[in-house]
Amino acid sequence: MASPAPAPVPAPAPSPLPSPSPAAVSSFSLDQFPKEKFLDILDVYQLDGFWYSGDVIPGVLAFQSGFEARSDDVILASSMKTGTTWLKALLACIMESKSTKIIDDAGEEVIDLLQVKNPHDHVKSLEYLYNFNLHSQIKDMQSPRVFNTHLPYSALPDSIKNSDCKIVYIARNPKDTFVSTWHFFNQILRPIIQEPYPIEKAYDSFCKGVHYFGPYLDHVLQYWTESLKMPERILFLKYEDLKKDPKGEVKKLACFLGRPFANEDEVEKVVWRSSFERLRNLEVNKNGVLPHAMIPNSSFFRVGNVGDWENYFTEEMKQGLDEITCMKLAGTGLHFDM
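Since the model is a prediction, treat every value here as computed from it, not as a measurement.

Draft legend 1. Expanded view of the pairing of strand β3 (residues 50-53). The alternating pattern of β3 places Phe 50 and Tyr 52 and Trp 51 and Ser 53 on opposite faces, both of which are buried. Taken together, the four bridges between strand β2 (residues 42-47) and β3 define a ladder with antiparallel strand orientation. When the bridges of β3 are listed, Leu 47 appears paired with Phe 50. Hairpin geometry of β2 and β3 is characterised by an intervening segment of two residues between the two adjacent antiparallel strands and by a positive phi of about 50 degrees at Asp 48.

Here it is in structure tokens:
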């Protein structure tokens, strides 16, 4: 291993699991789902081939049965730790209305909405809105509405699959995805007095697909396959491509959303406003927590690099995950820079 696992960043102790809405939990018991342990801390349950925490499943079921998509909705879909925060910031900038005024707590008009809230507070997760019984807010939102989901394509409500709404999916090299996930959950789930969860054990679980919204490659392939069938409805992006050519990928994203830029200055402004370095240094992302979830805003900004896995993987780990990836992606037309 190239470097030892760093000590976790201080963070509040894990908050109690949220209380799902009564309607969501009345029709099922978690006992009916296969169960495994995630990082030796939380139980995860398998629903239709994917793994979820017990507190998320009620929101998933309520979202599936209750959400009514609009034709101009935009859904940002992703697995965890694949560039979701960055893409939420980009979507917030691209989709913001020029006529919308943003007022801060002091009553002053704000020019840049990313200075006011963390990107996750601008583009909310649908399954969590339902889980926290906040879904009444959805109907009151003005179009076009922008949401996020970590659900695989197979778990999306029929109202999304059968509508004309746009889906933007972001994927990332599996090795970097794993390392980022390992850091994130060490920070938000394990008290500061505990050592980081052993990376070798977390790696084994990731390879087996037993992690939040896993298996990861199955998640990716579902959206990849659907994007090939419906390129006008589903845009498949790679984190590595965004890092390599941010202006080109952001212009592609804006055109897909029907919001093409008028000139290069607009492109550069959005790329700068949404950049990792800028977001990490904004005061709103240095302090505070996400409402309801109580996750520190700072936990979404670590390094944001491509290839960070090299600092943590042994050669055996690299070969093992590369083999799994090549086997899964064989014949699909999808590849990652390995």
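After presenting the structure, the write-up continues.
Draft legend 2. Structural detail: the sheet that holds β2. Overall, antiparallel pairing links the three strands, which are arranged β1-β2-β3 in an open sheet. Looking at strand neighbours, the two that pair on one side only are β1 (35-38) and β3, the edges of this open sheet. The average angle at which neighbouring strand axes cross in this sheet is 40 degrees, direction not considered. Bridge count between β1 and β2: four bridges; the pairing is antiparallel. Residue Lys 37 lies in a different strand from β2, and its bridge partner there is Asp 43.

Draft legend 3. Focus on the confidence of the model for the protein. With 83% of its residues at a pLDDT of at least 70, the protein reaches an overall mean of 85. This stretch, residues 1-26, has a pLDDT under 50; its non-local contacts, to residues over four places away or in other chains, come to 45 contacts.

Conventions used here
Residues numbered from 1 in each chain as written. Predicted model: local features only at pLDDT ≥ 70, side-chain atom pairs only at ≥ 80, totals over all residues. Heavy atoms only, no water. Buried < 20%, exposed > 50% of the residue type's maximum accessible area, 1.4 Å probe, protein only. Helix = DSSP H or I, 4+ residues; strand = E, 2+ residues; numbered from the N terminus. Pairing = 2+ DSSP bridges. Axes fitted to C-alpha atoms, helices over the stretch in contact; angles between N-to-C directions. pLDDT = per-residue confidence, 0-100. Contact = heavy atoms within 4.5 Å.

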